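Here is what each chain is made of, one letter per residue.
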Amino acid sequence: MRIFIHTRTSLNIDPVILLDTVKALVNVYSTHKKCHISIVGLALPATFTAFCNEIEQVSIIPPMDAIVLYKTTEHPTIIHFGTTVKGAHQIPRLFIPLALPNRQDHSFVQTYFLKKRFHQWMKKASKVICINDWALTHIKDQYPEYTLALHCVYLPSIPVPSFEWQELSKAQEDLTAGHNYFLCVAPLKRFTAILKEFSIFKKWQQTTMHLVFVFDHPKDKEAALLQLKGYKFKQDINIVCTHDICMEWLAATYAILYEGVTFTKSNWILYAIEYEVPILFDAAMNLPEAWLQAGEVFSFTEEQALSNHFKLYYKDEIYRQSRARMGTEWLLKLKEERFPFSMLDITPI
């Protein structure tokens, strides 16, 4: 039995999240000694390559070599994250959508054809694997015609890297010149309103606390930088893209705010909770009930709600730690309540 896992994707998926998902799949399949895993990809990171080299049943091959092996392999299975696999029309495949085809960095025509290909990936998949119940709910709402193909599978989690305080201190120095910071993942249209709330907090307490905005696309970052001109506390604002984020930045943050995001950010939420970072969710996100205890939920658009929470988390360390523990306890309970994982969950039939 050979599993071909394709690492190329046309969807806007953070490379860390995609490769961590591949690692989780490798850990599952490699427990079966008769199973060989072929990672299909080019120019993969050295750390990922080192991970694969440590497992006897894993090989990394270029796409052209995979096409040759399709013809000679008995009982092959293909797993992909949003790509059209050539030369494998009759091979059963699993599709794991870690993101939806809503790329703001594409033109209208490009987005149209990407959505069309997404439908084809859903249609041709033997199973569509949703990484958690949040993903299942969201994808089912967006694509109800494929409900029967959808399967919710919590893969065994990949341990997050541990850091010494010196590493976190350096990360903080690189990002905010050594100052504490809140991370904020929110749409560009909410940028100015959140800045106003941060201003109220800064005027209440003279502090070097920074606010780091995270946007998915470089053009949103550029637009935000333009809006930042003339802002009184602009020296305390940092703007980065999702692909810039490293684990050290997550581990070193004071708290993370999420507004207007979908299940595509669920892995970042889990990573942060592993580092005991408290999470704040906007109530308008309509999180599944199972996720409501992962962090503090309130309306970000309510006047001074954000500024009051900035104050509360800044002045009351005990409260901040209690919110972090709430997330940690939720994650522990989630791991305990997951259905026992089975290979049947990620086999095509």
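For clarity, every value in this text was computed on a predicted model and none was experimentally measured. (Residues numbered from 1 in each chain as written. Predicted model: local features only at pLDDT ≥ 70, side-chain atom pairs only at ≥ 80, totals over all residues. Heavy atoms only, no water.)

**A short note on the overall build of the protein chain**
Logical step 1: When its secondary structure is counted, the protein chain shows 12 helices and 13 strands.
Logical step 2: Compactness check: the protein chain gives a C-alpha radius of gyration of 21 Å against a globular reference of 20 Å for 349 residues, within 12% of the reference.
Logical step 3: Across the 349 residues in the protein chain, those meeting the buried criterion constitute 53%.
Logical step 4: Residue pairs at least 24 apart in sequence account for 68% of intrachain contacts in the protein chain once pairs closer than 6 positions are excluded. (Helix = DSSP H or I, 4+ residues; strand = E, 2+ residues; numbered from the N terminus. Rg over C-alpha atoms; globule rule 2.2 N^0.38 Å. Buried < 20%, exposed > 50% of the residue type's maximum accessible area, 1.4 Å probe, protein only. Contact = heavy atoms within 4.5 Å.)

**Overview of a nonpolar patch on the surface**
Logical step 1: Taken together, the side chains of F108, V109, Y112 and F113 make up a nonpolar region of the molecular surface, amounting to roughly 480 Å² of accessible area.
Logical step 2: As for its position among the elements, V109 is in helix α4 (residues 108-124).
Logical step 3: According to the relative accessible area criterion, V109 is partly exposed, its value standing at 48%. (Patch = residues over 30% accessible without salt bridge, like charges linked within 9 Å, V, L, I, M, F, W, Y side chains within 5 Å. Areas by Shrake-Rupley, 256 points an atom, 1.4 Å probe, with all protein chains shown as cover. Salt bridge = Lys/Arg side-chain N within 4 Å of Asp/Glu carboxyl O.)

**Looking at empty space enclosed by the protein**
Logical step 1: Going through the model one piece at a time under the given rule, you end up with 2 cavities of 30 Å³ or more.
Logical step 2: As a volume, the largest cavity reaches approximately 340 Å³.
Logical step 3: Taken together, 21 residues make up the lining of the largest cavity; nearest its centre are L155, S157, I158, N267 and L270.
Logical step 4: Within the residue set of the lining of the largest cavity, elements represented by two or more residues are α1 (15-29), α10 (266-274) and α12 (317-337). (1 Å grid on protein atoms, 1.4 Å probe; cavity = no way out; pocket = protein on both sides within 12 Å on 5 of 7 lines; lining within 4 Å. Points joined across faces, edges and corners; volume = space filled by probe spheres on them.)

**A closer look at the nonpolar core**
Generally speaking, a soluble globular protein has its nonpolar side chains buried in company with each other.
Logical step 1: Core analysis: the biggest nonpolar cluster contains 86 residues, and I5, V26, I39, F81, M122 and Y258 have the highest contact counts within it.
Logical step 2: Counting residues per element, this core draws most heavily on α1, at 8 residues.
Logical step 3: If we ignore the near neighbours within four places in the chain, the residues touching V26 are I5, I37, I39, F51, I55 and V58.
Logical step 4: A186, L257, L306 and F310 belong to the second-largest nonpolar core, a separate cluster that totals 28 residues. (Core = buried A, V, L, I, M, F, W, Y, C linked by side-chain atoms within 4.5 Å.)

**Digging into the environment of V128**
Logical step 1: Within the element layout of this structure, V128 appears in strand β6 (residues 127-130).
Logical step 2: The class of V128 is buried, set by a relative accessible area of 0%.
Logical step 3: In this structure the C-alpha to C-alpha distance between V128 and T176, which are 48 residues apart in sequence, comes to 40 Å.
Logical step 4: Once you skip the residues sitting within four places of it in the chain, V128 turns out to touch F95, P97, M122, A149, L150 and H151.

**A few points about the packing of α10 against α12**
Logical step 1: Axis separation between α10 and α12 bottoms out at 9 Å; the angle between their running directions is 115 degrees. With respect to each other, α10 and α12 are oriented roughly perpendicular. The interaxial crossing formed by α10 with α12 has left-handed handedness. Contact residues: L270, I273 and E274 in α10; G327, T328, W330, L331 and K335 in α12.
Logical step 2: When grouped by side-chain class, the residues that make up the contact of α10 with α12 number 4 nonpolar, 2 polar and 2 charged. (Axes fitted to C-alpha atoms, helices over the stretch in contact; angles between N-to-C directions. Parallel < 35°, antiparallel > 145°, perpendicular 65-115°, else oblique. Left-handed = near helix turned anticlockwise from the far one by under 90°. Nonpolar A, V, L, I, M, F, W, Y, C, P; charged D, E, K, R; others polar.)

**Some words on the sheet that holds strand β9 (residues 210-215)**
Logical step 1: Ordered by their spatial adjacency, 6 strands build an open sheet running β10-β9-β8-β11-β12-β13, and the pairing between neighbours is parallel. If you trace the sheet from one side to the other, it starts and ends with β10 (237-241) and β13 (296-298), each paired once. Across the sheet, the mean angle separating the axes of adjacent strands is 20 degrees when strand polarity is ignored.
Logical step 2: Alignment of β9 against β10, held across 5 bridges, turns out to be parallel. The residue bridging L211 from the neighbouring strand is I237, located in β10.
Logical step 3: Together, β8 (181-185), β9 and β10 form the strand contacts of helix α7 (residues 191-204), whose direction differs from that of β9 by roughly 165 degrees.
Logical step 4: Each of β9 and β10 touches helix α8 (residues 218-228); the most contacted strand, β10, lies at about 165 degrees to it. (Pairing = 2+ DSSP bridges.)

**Things to note about the layout of surface pockets**
Logical step 1: Its volume calculated, the largest pocket comes out at about 870 Å³.
Logical step 2: Around the largest pocket, the lining is made up of 36 residues, and of these D216, G260, V261, T262 and T264 lie nearest the centre.
Logical step 3: At the level of elements, α5 (133-142) and β9 are the ones that each hand at least two residues to the lining of the largest pocket.
Logical step 4: A per-class count over the lining of the largest pocket returns 16 nonpolar, 13 polar and 7 charged.

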